[in-house]
Structures are given as structure tokens and as C-alpha cells.
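For reference, the chains in residue letters:
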Amino acid sequence: MIKPGAMLREVLRHMAKKPATEQYPFVKKEKPPKFRGKLVFYAEKCIGCNMCVRDCPANAIKITKKGDKQFECEIMMNRCIFCAQCVDSCPRKALEATKEFELAQLDPKKFKVVYEAAAPKPVENTEKKPE
Amino acid sequence: MGKVTIPIGPQHPALKEPESFAITLDGEKIVHMNVNIGYNHRGIEKSCEGRTYTQAMYILERVCGICSHTHATCFIQGVEEIAGLEVPKRGLYIRTMIAELERMHSHLLWLGVAGHEVGFDTLLMYSWRDREIVMDLLELVSGNRVNYGMNVLGGARRDISPEQAKEILKGMDLLEERTKYYIQVASEEVTLIKRLSKVGYLSHEDALKLGTIGPTGRASGVDTDTRRDDPYAAYPELKFKVVTDNHNDVYGRVIVRLGELIESYNMVRQLVNNLPEGPISVKAPRKIGPGEAVSRYEAPRGEDIHYIKANGTEKPERVKVRAPTLANVQSVAKMLENGYLADVPIVIAAIDPCFSCTDRMIFSIKNPDGKATGSMDWKALREYSIEWHKKQGVDFSKAKIR
């Protein structure tokens, strides 16, 4: 049957309902457990195999040797495409994708995050602050 | 009054992507239309040659924002064929599930865009709200809303837990109810039927002649679907029917896509209920080949083809992408012949174009005497591009090629 205003009832029905729009900056939605956000590096776990550097499609990771079994990691967040392939490639779980996604930045220098080298034994809270 | 040729695009409010159409008009009627592509060329095929297979997969995933899983899977299927990898059943099922979820969000997005182009914005608002259901499901399963990254050489990257499977089934019920409502709207709403019927008419013969594929072809009665004709991944084990229609116009394309949505819901239900146990991926070698493969995949917009040539190293020697819009875009000129200027946005939107997938360089370099030089090798092309950029004030002569 052909009739005009086929969606009219649906529209009227929604007048009493709350908007479907999410109130984003004020109400933040919980990210799913597999979300791929900002990367963090645990220097004490790194063995310097460079698998993350080899697999990164965007050349965003740089690992430099700072001493015996000590490696510094430099992540260019402006290059990162958040595929988290490095997290999968790492044999020692030295990289982790966090749920942090609000990474927009006016100062381009702040995109470069350096995780300083640490001794290879497991120590609590070794994650260094960005420079 | 004589004939007038007007340019539409590259920047035009009706089209979201830069593309140029030269339309010759006789009054309001379109006499002839020329399609010029190439404004979004990004050199993805070439950049794949400088990357390993894993890296190239992520680059190809970003060919298109909507069919990202399409390009990654199409590429990875070809590479697996060359390497002779046997992907575990569970991996194939998960891959197919993401592919069908992607088809749903693409078709629901298209339904909204089509509604918007004909001024039926109510349809746009509601169909996009419902699209959020499938977007949330994709986010739940893969981690992100677009560019899911669900593929790995030799299988799927992430497993699906029983809780997620339950959520997916719940989402399918909700979406099916909503899609049935849209089918009802499409068959009842008189403004929609009158606006879309006999617009963008492409007869069955013309559709065959122009080689249209996907929902565009199926709406003109071209009964092709790679999922059935050349089954890949888990499709051989699924029961589904290929939706075709004989309206031959934009209204037919709406019906085909809505019908495909219902088929997709059933397919995902079958996949979730029959998900086999076992590993999701096998270990793949870093060096692939030598060998070559052509991989076919039914994208939401039609058949996607990738050609991969491997030479035994970590990097592919050649990757060629034939996105579905490239096969369909020339049919727009035929559809709009004897049509009206006001129908241009909806007819172009009706093939669900993705110009960033389609764009490639078609460019003949001319000698000073005005004749084309024919083909150029990579070295000559590089020298030419360095010269060209020098004229623009940029010197690339010292730039290294990876």
C-alpha cells in the first residue's frame, strides 16, 4: 500500500524520547577491552629484538641501545596509525596499547614520546613521564 | 538554446569526495557526461612495494575507510595462496563475520546517504542511528570502529568470546527489526518511490555491456556475486541467496541493498552459531613466494580484485588493486544520459562510489612536439617527477627511496 508520511509515526514516537546523540566531552563512553589507543613501553621487558620496528607500517618506533641490555624507545605518536601490530609482534610484551585516545596536540614536539632505558629486571612503576 | 558544458567538481557540495564530472546539458537535460578520476591518487600500490607483507596489509586496509576489511582480506587471501597457508576454520569464520558486519554498516550508511541526496533527511537520521548498533559491535569485537585490523597473515588476529557472540546475536535481532521497518518504509513512502523510480535507468543489456558489478549490477538483473560464484573464506558453508531486482533504477538499488542486509543478518547468525573450535591463525613465514595470485572478494560495493606478485623476499614485487567503484563508475554516464541535472547527486550516490579506492594515475606525458611518449619505466618516471617538482619549488633529487 502506498501512502505518504510513512515515517511520521516513527518521528512522533521519538518526540518523547531522549536524543540518541552521545554527550561526548561531558559523558565519556567506556572503551572496549581490545581498544587500540596510545602505546606505552615497558623498558625493563625490552630485549632489543627490533621486531616492533620491523613490523611497524608507519615507522613510528625507534629502539636505541643505551647500555648492556638497556633500550630506549622513542614513539612518534603523530606517525602512529594505531594498528597495534607492534604489541602483537613483541615477544616479551614490552609494548601495550592503552585506552587513551584524546591525543590531539597543538605543539608538534609533544607527539614524540621517549621512554628511557631501564635495567632489565622487573621493577614496579618504571614507566617514565614523557619529556 | 545551444548546448552548455558545466563542470561538477572536483569540489562540490553534493559529493563528499573530490571527483570531476563534465556534463553537457541541453536545457535541463543531460546529453553527455564525462567522468574524470584521479584527484585522490595516493600511490598506495607503489608504497606497498617498499613494505613487508604485514606492513602492506595495514596500508591496504587504509585504501578505504568503509571497506577497510575488504582490502586487507583480499590482499591477505592472495598472499596466503602464494605461501600455501592453510587458514584454520575458526579464523575464516571470524574473517567472514567481520566482512558481513562491514557490509551491514556500509549498506546502512548508503541508505542514509541516499535519503539525504533526495532530501529525505529523516531516513538519514534514523538509519545512521541504527548503524551505530553495528559500529558498536565492530568496536566490541575488533577494538576500533573503522580499520578493524582483524587480519593477520595466516588467520584472524582476535578471537571472539561467547559473551561477544551473544552481543552480536542480540544486535542482529535489533538490526533485523529496524531493517524490516525500512523495507516497509521503502515500499510505502510515496515520495521516496516517486523520487527514485525511473531515475538513473540502466537496462539489463547496458549493465552487462558496461560490466557493472555488485548491488549496482544486481539491481539491473545481473546475477553475479563472488561469494556464491567463487566462494572464499567461510562462504562455501553458508546458506544465502543473492538478491537481484529488475527495477533497473535507483529504487531497485535501494531494494537490493535492503535485501542484502537481511541476508547478512542471517549469515552472521549462521557464523556465530556454528563457530568451530580450534586455533584462529597459523604461523606465517616472513618471506613469501616466488609466485603470483589474483584474489577476488565481494566488497559491499561489488567485486574487489587484488593481484599480488611475490619474488621470494619479505616485500611484494607488485600489488594491484581493482576497487569495485572503478568497474561501476563509467555506468554513471550511461545512467544519466537523457536524465536531469537535479538527478546527478543521487545517481552518482546510487553506485555507492568510493573515489579514494578508485583513483589511480592515468596520465600521458607529452613530448615537446605534443605526442605522447608511451610508457615510462620507474627510473624515467622518477626523473620526470623530480623535474616536475623542481618547477614547483621542491627539490626531491636527494630523497631516498625506501
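For clarity, every value in this text was computed on a predicted model and none was experimentally measured.

A. Broad picture of the overall build of chain A. Within chain A, the regular secondary structure consists of three helices and five strands. Each helix and strand of chain A, placed in order from N terminus to C terminus, yields the pattern α-β-α-β-β-α-β-β. Taken over C-alpha atoms, the radius of gyration comes to 22 Å for chain A, far larger than the 14 Å a tight globule of 131 residues would show. Projected onto the principal axes, the alpha-carbon positions of chain A cover approximately 80 × 30 × 30 Å. Each charge class in chain A can be summarised by its mean position, and for the 27 positive and 17 negative side chains these summaries are 5 Å apart.

B. Quick peek at the packing of aromatic side chains. All names here are of chain B. Tallying each qualifying case throughout the model produces nine aromatic pairs over all chains. Cation over ring: R131 sits above W128, and NZ or CZ is 5.7 Å from the ring centre. Just above the ring of W110 sits the side chain of R257; from NZ or CZ to the centre is 4.2 Å.

C. Structural view of the sheet that holds strand β3 (residues 70-76) of chain A. All names here are of chain A. Taken in spatial order, the three strands line up as β2-β3-β5 in an open sheet, and their pairing is antiparallel. Of all the strands in the sheet, the pair left with one neighbour each is β2 (61-67) and β5 (112-115). In this sheet, adjacent strand axes meet at a mean angle of 20° when their direction is disregarded. Sheet topology places β2 next to β3; six bridges connect them, and they run antiparallel. Its bridge partner lying in β3, T64 is registered against E72.

D. Region of interest: the domain arrangement of chain B. Partitioning chain B into structural domains gives domain 1 (44-336) and domain 2 (365-402). Summarising the inter-unit geometry, the C-alpha centres of domain 1 of chain B and domain 2 of chain B are found 37 Å apart.

E. Expanded view of the sheet that holds strand β3 (residues 29-36) of chain B. All names here are of chain B. Strand order in the open sheet formed by three strands is β1-β2-β3, and the pairing between neighbours is antiparallel. Across the chains shown, the open sheet's two edge strands, defined by having one partner strand only, are β1 (4-8) and β3. Adjacent strand axes in the sheet meet at a mean angle of 20°, parallel and antiparallel pairs treated alike. Bridge count between strand β2 (residues 20-26) and β3: seven bridges; the pairing is antiparallel. The residue bridging A22 from the neighbouring strand is N34, located in β3.

F. View of helix α5 (residues 121-142) of chain B. Given a rise of 1.5 Å per residue, 22 residues ought to cover 32 Å, and the 31 Å separating the end C-alpha atoms of α5 of chain B matches this to within 8%. In the stretch just after α5 of chain B, G143 of chain B is the one whose phi turns positive, near 110°.

G. Highlighting the confidence of the model for chain B. In this model, chain B carries an average pLDDT of 89, and 95% of its residues clear a pLDDT of 70 or more. Least confident of the elements in chain B is helix α14 (residues 355-358) of chain B, whose mean pLDDT is 81; most confident is helix α11 (residues 250-273) of chain B, at 95.

H. Here's a closer look at the side chain of T226 of chain B. All names here are of chain B. Residue placement: T226 occurs in helix α10 (residues 226-229). The class for T226 is buried, based on a relative accessible area of 3%. Polar contacts involving the side chain of T226 include one to the side chain of E298, which spans 2.8 Å. Those residues in contact with T226, other than ones at most four positions away along the chain, are P231, Y232, R296, Y297, E298 and E303.

I. Structural detail: the nonpolar core. Core analysis: the biggest nonpolar cluster contains 78 residues, and F21, M104 and M172 of chain B have the highest contact counts within it. Those residues in contact with M104 of chain B that sit more than four places away from it in its chain are V134, M172, L175, L261, S264, Y265 and V268 of chain B. Of all hydrophobic cores here, the second largest spans 29 residues; its members include C83 of chain A together with I59, C64 and V319 of chain B.

J. Spotlight on the pattern of salt bridges. All names here are of chain B. In the structure shown here, the tally under the stated rule is 44 salt bridges over all chains. Its salt-bridge partner being E132, residue R145 comes within 2.9 Å of it at the nearest N-O pair. With R145 in the loop between α5 and β4 (151-152) and E132 in helix α5, this pair connects stretches of sequence that are 13 residues apart. By relative accessible area, R145 is classed as partly exposed at 32%. Each of E100, R103, R218, D225, R227, E260 and E298 takes part in one network of salt bridges that share partners.

K. Quick peek at the layout of surface pockets. Approximately 900 Å³ is the volume attributed to the second largest pocket. In terms of lining residues, the second largest pocket is bounded by 30 residues, among which E22 and K29 of chain A together with E132, D136 and R145 of chain B are the most central. Counting residues per element, the ones that place at least two in the lining of the second largest pocket are α5 and α6 (162-188) of chain B. Among the elements that make up the lining of the second largest pocket, the one with the highest residue count is α5 of chain B (nine residues). Residues that form the lining of the second largest pocket fall into these classes: 12 nonpolar, five polar and 13 charged.

L. View of the pairing of β2 of chain B. Residues and elements named next belong to chain B. Summarising burial for β2: five of the seven residues are buried, a large majority. Where β1 and β2 come together, five bridges link them in antiparallel fashion. Bridging across to β2, P7 finds its partner in A22. Here β2 folds back onto β3, and the loop between the two strands holds two residues, one of which, G27, carries a positive phi near 70°.

M. A look at the interface of chain A and chain B. Taken residue by residue, the interface counts 30 residues in chain A and 38 residues in chain B. Summed over both partners, the interface of chain A with chain B comes to about 2,800 Å²; 46% of that surface belongs to carbon and sulfur atoms. On the chain A side of the interface with chain B, the three residues burying the most area are M7, K34 and R36 of chain A, jointly 25% of the side's total. Where chain A packs against chain B, one counts six salt bridges. One salt bridge in this structure joins R54 of chain A and E314 of chain B, with 2.8 Å as the shortest N-O distance. For the side of chain A that touches chain B, the secondary-structure elements that each account for two or more residues are α1 (8-13), α2 (51-55) and α3 (85-89) of chain A. It is α2 of chain A that contributes the most residues to the side of chain A that touches chain B, four residues altogether. Per-class residue counts for the side of chain A that touches chain B are 16 nonpolar, four polar and 10 charged.

N. Summary view of the packing of helix α4 (residues 89-117) of chain B against α6 of chain B. All names here are of chain B. Remark: α4 packs on α6, axes separated minimally by 13 Å, with the N-to-C direction vectors making an angle of 30°. Accordingly, the angle class assigned to the pair α4 and α6 is roughly parallel. Remark: the crossing between α4 and α6 carries left-handed chirality. Mapping the contact onto sequence places M97, L101, M104, L108 and L111 in α4 and I168, M172, L175 and Y182 in α6.

Definitions and limits used
Residues numbered from 1 in each chain as written. Chains lettered and ligands numbered in written order. Predicted model: local features only at pLDDT ≥ 70, side-chain atom pairs only at ≥ 80, totals over all residues. Heavy atoms only, no water. Helix = DSSP H or I, 4+ residues; strand = E, 2+ residues; numbered from the N terminus. Rg over C-alpha atoms; globule rule 2.2 N^0.38 Å. Lys, Arg positive; Asp, Glu negative; His and termini not counted. Charge placed at Lys NZ, Arg CZ, Asp CG, Glu CD. Phe/Tyr/Trp six-rings, centres within 6.5 Å; stacked < 30°, edge-to-face > 60°. Lys NZ or Arg CZ within 6 Å of the ring centre and 35° of its normal. Pairing = 2+ DSSP bridges. Axes fitted to C-alpha atoms, helices over the stretch in contact; angles between N-to-C directions. Domains from an automatic or database assignment. Expected span 1.5 Å × (residues − 1). pLDDT = per-residue confidence, 0-100. Buried < 20%, exposed > 50% of the residue type's maximum accessible area, 1.4 Å probe, protein only. Polar contact = N/O pair within 3.5 Å; in protein donor to acceptor, adjacent residues only side chain to side chain. Contact = heavy atoms within 4.5 Å. Core = buried A, V, L, I, M, F, W, Y, C linked by side-chain atoms within 4.5 Å. Salt bridge = Lys/Arg side-chain N within 4 Å of Asp/Glu carboxyl O. 1 Å grid on protein atoms, 1.4 Å probe; cavity = no way out; pocket = protein on both sides within 12 Å on 5 of 7 lines; lining within 4 Å. Points joined across faces, edges and corners; volume = space filled by probe spheres on them. Nonpolar A, V, L, I, M, F, W, Y, C, P; charged D, E, K, R; others polar. Buried area = accessible area lost by both parts, 1.4 Å probe. Parallel < 35°, antiparallel > 145°, perpendicular 65-115°, else oblique. Left-handed = near helix turned anticlockwise from the far one by under 90°.

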